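# Per-entry structural report
Listed below, chain by chain, are the residues.
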Amino acid sequence: LDTAMPAPALLSVASALPPAASTPWRRTFPPSLVSGAVALLDAVCALLAAFPAHLVLMATGALSPYQESLERVAIVLGSVVLVLGLRAAGLHSFSVIVRPRRNSAAVVFICLAVMGLMGTAAGAADFDGGLTWQWALAWAVATATALVVGRFAAQRGFTALARSCRIGRRIVIYGTGPQADRVLAQIEAANDPWNQVVAVFDDRVQRAPQTFRGLPVLGNLSAMVHWARQHDPDEILVALPWGAETRVLAVLRCLAVLPANVRLIPEFSFYDSIAGTISSQYGMPMLDAYRKPMDGWGRLWKRGFDLAGASLLLVLLAPLLIVIGLLIKLQSPGPVLFRQPRFGFNQRLIEVYKFRTMGVNFSDRLGERLTERADPRVTRVGAILRRTSLDELPQLINVFKGQMSLVGPRPHAVRTTAGGRQCDEVLANYAERLKVKPGITGWAQVNGWRGTMEDEDHLLRRVEHDVYYMNHWSPLFDLRILVQTLWVLFRRADVY
């Protein structure tokens, strides 16, 4: 599989690759955001459709002040119930949204059913039954019309965005055999502009064709991993014979480090006997080997939270940052901040900021030497900063720049070792921990796995906690870790 290609050779191969298969992809937003946007559109349509009938009843004086208040509550409550009903019926899925003609009847039925329940409930409460039914019927007709028209308009808008490469799924196919041919034929036949195959790779480059169904074959497995780290594809479809178990497993291990949905294209003669998570994609069943740990609204929420949190903390902690900077300058000559290249999201190198805790002459940018207890390289001020983790505060700048997150796996220096061995030599899946942005604090750190990694078990425990965090991420989990971080900082820790 040529997965052990030396780094210089890999870089030279990757630098020669074309950027993508003629598709001018810009920064896109995924289908899950489309579903949320349409749910919001449905709520707005329901709210706006209720007010014409409401205003008519107010103008004729048919509503008492008490009835007017109850009706406003009913409008908000009915809109919420309607959106929940549409979601429960699966009418907010991306595949439904982009085919409004096929699903309009279901949208109208759900709308009439919800409004009918609202009218029945109001009549049972003796809220002027005849008048309430008139209003509920008018609202139901107006809302159903608005929803159907809105969804047709949304479909046209999303199609235009997809054709301009601003929305959709960027798909990479690995393999050029019959399975790959079938899935490409399916995608082409569907003619969906939001599903775009942007690259094809094959590990048997010398025997593979130079082009595959009009797409250039860009290289082998090593080249694909490097290419994917530069271009962030959404989906990687592995089209290899499942009988070649060793080969398939080796490919999956390499792809586990990428923040993309990795799916196995089945051999149709036995796909129905496969044990595992099967999903329907592009009109055929596929086995979901890995999934993005964070996408859609979650990714958007996390970035907004990071940006707001970093900005607020930089302002509130500005006096403390200035005092620490002055103490560092008084302690020893040299810059206040220390910049160190570390592995960030998707194993990309970033410059991480820290307060300088060592003398200038002892700078170790690559992290080749572990810090020891009573390390002579560390200044007196630096020792205090390291014990309290205050030396990490400048990484709020990295968070503000979008290179890091407030919460996530800690970024390691490029030459970090555990038990005297490079981390990727100790664990084959070491890079899997950075399928999300690295953080200032993380689940491993609040559970005691922080500081110098003196043995391989320490690294193993860190990676286990980092992978657990990715698989169970939620906004509340982030808040929990931040609160626990404050508690950990005030405890005595074996950090130096």
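Here is a short report on the structure shown in this document.

The rules we used
- Residues numbered from 1 in each chain as written.
- Predicted model: local features only at pLDDT ≥ 70, side-chain atom pairs only at ≥ 80, totals over all residues.
- Heavy atoms only, no water.
- Helix = DSSP H or I, 4+ residues; strand = E, 2+ residues; numbered from the N terminus.
- Buried < 20%, exposed > 50% of the residue type's maximum accessible area, 1.4 Å probe, protein only.
- Areas by Shrake-Rupley, 256 points an atom, 1.4 Å probe, with all protein chains shown as cover.
- Pairing = 2+ DSSP bridges.
- Lys, Arg positive; Asp, Glu negative; His and termini not counted.
- Salt bridge = Lys/Arg side-chain N within 4 Å of Asp/Glu carboxyl O.
- Polar contact = N/O pair within 3.5 Å; in protein donor to acceptor, adjacent residues only side chain to side chain.
- Contact = heavy atoms within 4.5 Å.
- Arc of directions from axis to C-beta.
- Axes fitted to C-alpha atoms, helices over the stretch in contact; angles between N-to-C directions.
- Nonpolar A, V, L, I, M, F, W, Y, C, P; charged D, E, K, R; others polar.
- Phe/Tyr/Trp six-rings, centres within 6.5 Å; stacked < 30°, edge-to-face > 60°.
- Patch = residues over 30% accessible without salt bridge, like charges linked within 9 Å, V, L, I, M, F, W, Y side chains within 5 Å.

Here the focus is the overall build of the protein. Helix and strand counts for the protein come out as 17 helices and 14 strands. Within the span of the protein, comprising 496 residues, buried residues form 50% of the whole. A total of about 24,200 Å² of accessible surface is found on the protein, and carbon and sulfur atoms cover 61% of it.

Attention now moves to the pairing of strand 10 (residues 349-355). Two faces make up the sheet, and in a regular strand the side chains alternate between them. Judged by how many residues are buried, strand 10 sits mostly within the fold: 5 of 7 residues are covered. Here strand 9 (residues 337-343) pairs with strand 10 via 7 bridges, running antiparallel. Bridge assignment links L337 to a residue of strand 10, and that residue is F355. Following strand 9, the chain reverses through 5 residues before pairing antiparallel with strand 10; N346 in that reversal takes a positive phi of roughly 60°.

Look at D232: it is not a glycine, yet its phi comes out positive at around 50°. The residue D232 is located in the loop between helix 8 (221-231) and strand 5 (235-238) in this model. Among the residues examined, D232 registers a relative accessible area of 23% and is labelled partly exposed. The phi angle at Q347 is positive, at roughly 65°, despite the residue not being glycine. With respect to the secondary-structure elements, Q347 resides in the loop between strand 9 and strand 10.

Burial analysis of helix 8 places 9 of its 11 residues in the buried class, which makes it a mostly covered element. D232 sits one or two residues past helix 8 and shows a positive phi near 50°.

This part covers the side chain of R356. Position of R356 relative to the elements: it lies in the loop between strand 10 and helix 12 (380-388). Although R356 is buried, it makes no salt bridge; D391 carries the closest opposite charge, 12 Å away. For R356, the side chain forms a polar contact with the side chain of S332, separated by 3.0 Å. Of note is the side chain of R356, whose polar atom sits 3.3 Å from the backbone oxygen of P333. Residues contacting R356, with those up to four places away along its chain left out, are I328, S332, P333, G334, P335, V336, L337 and F338.

Those residues of helix 12 not exposed but buried are V381, G382, L385 and R386. The buried residues of helix 12 occupy one face: seen down the axis, they fall within an arc of 130°. As for helix 12, its buried residues are in contact with helix 11 (318-331) and strand 10. Of the residues flanking the end of helix 12, it is S389, one or two places downstream, whose phi is positive at about 65°.

So, on to the packing of helix 11 against helix 12. The interhelical angle for the contact between helix 11 and helix 12, taken along N-to-C directions, is 145°, at an axis separation of 9 Å. Residues I324, L327, I328 and Q331 of helix 11 form the contact with helix 12, whose participating residues are R380, V381 and L385. For the contact of helix 11 with helix 12, the residue count by class is 5 nonpolar, 1 polar and 1 charged.

Another aspect to go through is the environment of R151. For R151, the location among the structural elements is in helix 6 (residues 129-163). For R151, a relative accessible area of 6% puts it in the buried group. Discounting chain neighbours no more than four positions away, the residues touching R151 are V38, D42, L86, L91, H92, V96, I97, P100 and V107. Only 2.8 Å separates the side chain of R151 from the side chain of D42, close enough to count as a polar contact.

Applying the stated rule across the entire model yields 17 salt bridges. Taking the shortest distance from any N to any O, the salt bridge between R348 and D232 comes out at 2.7 Å. Here the residue R348 occupies a position in the loop between strand 9 and strand 10, and D232 occupies one in the loop between helix 8 and strand 5, the gap between them amounting to 116 residues. E392 is paired through a salt bridge with R410; the nearest N and O atoms lie 2.9 Å apart.

On inspection of all chains with the given rule, the structure shows 6 aromatic pairs. Feature note: the residues W443, Y468, Y469 and F477 constitute an aromatic cluster, connected by ring pairs.

Further remarks concern the pairing of strand 2 (residues 195-201). In terms of burial, strand 2 is largely enclosed, as 6 of its 7 residues are buried. By the bridge criterion, 6 bridges tie strand 1 (residues 169-174) to strand 2 in an arrangement that is parallel. Residue pairing for strand 2: R170 is matched across the bridge by Q196.

Attention now moves to a nonpolar patch on the surface. Among the surface-exposed residues, L47, F51, V76, V80 and L84 lie close enough to one another that they form a single nonpolar patch of about 410 Å² accessible area. Put simply, the parts of the chain that give the nonpolar patch at least two residues each are helix 2 (31-59) and helix 3 (65-88). It is helix 3 that contributes the most residues to the nonpolar patch, 3 residues altogether. Looking at where V80 falls in the secondary structure, it is placed in helix 3. Owing to a relative accessible area of 45%, V80 belongs among the partly exposed residues under this scheme.

A separate point is the environment of F343. Inspection of the secondary structure puts F343 in strand 9. Sequence spacing of F343 and A413 is 70 residues, and the spatial spacing of their C-alpha atoms is 6.6 Å. Ignoring any residue separated from it by four or fewer positions in sequence, one finds F343 in contact with R348, L349, P411, H412, V414, L434 and P438.

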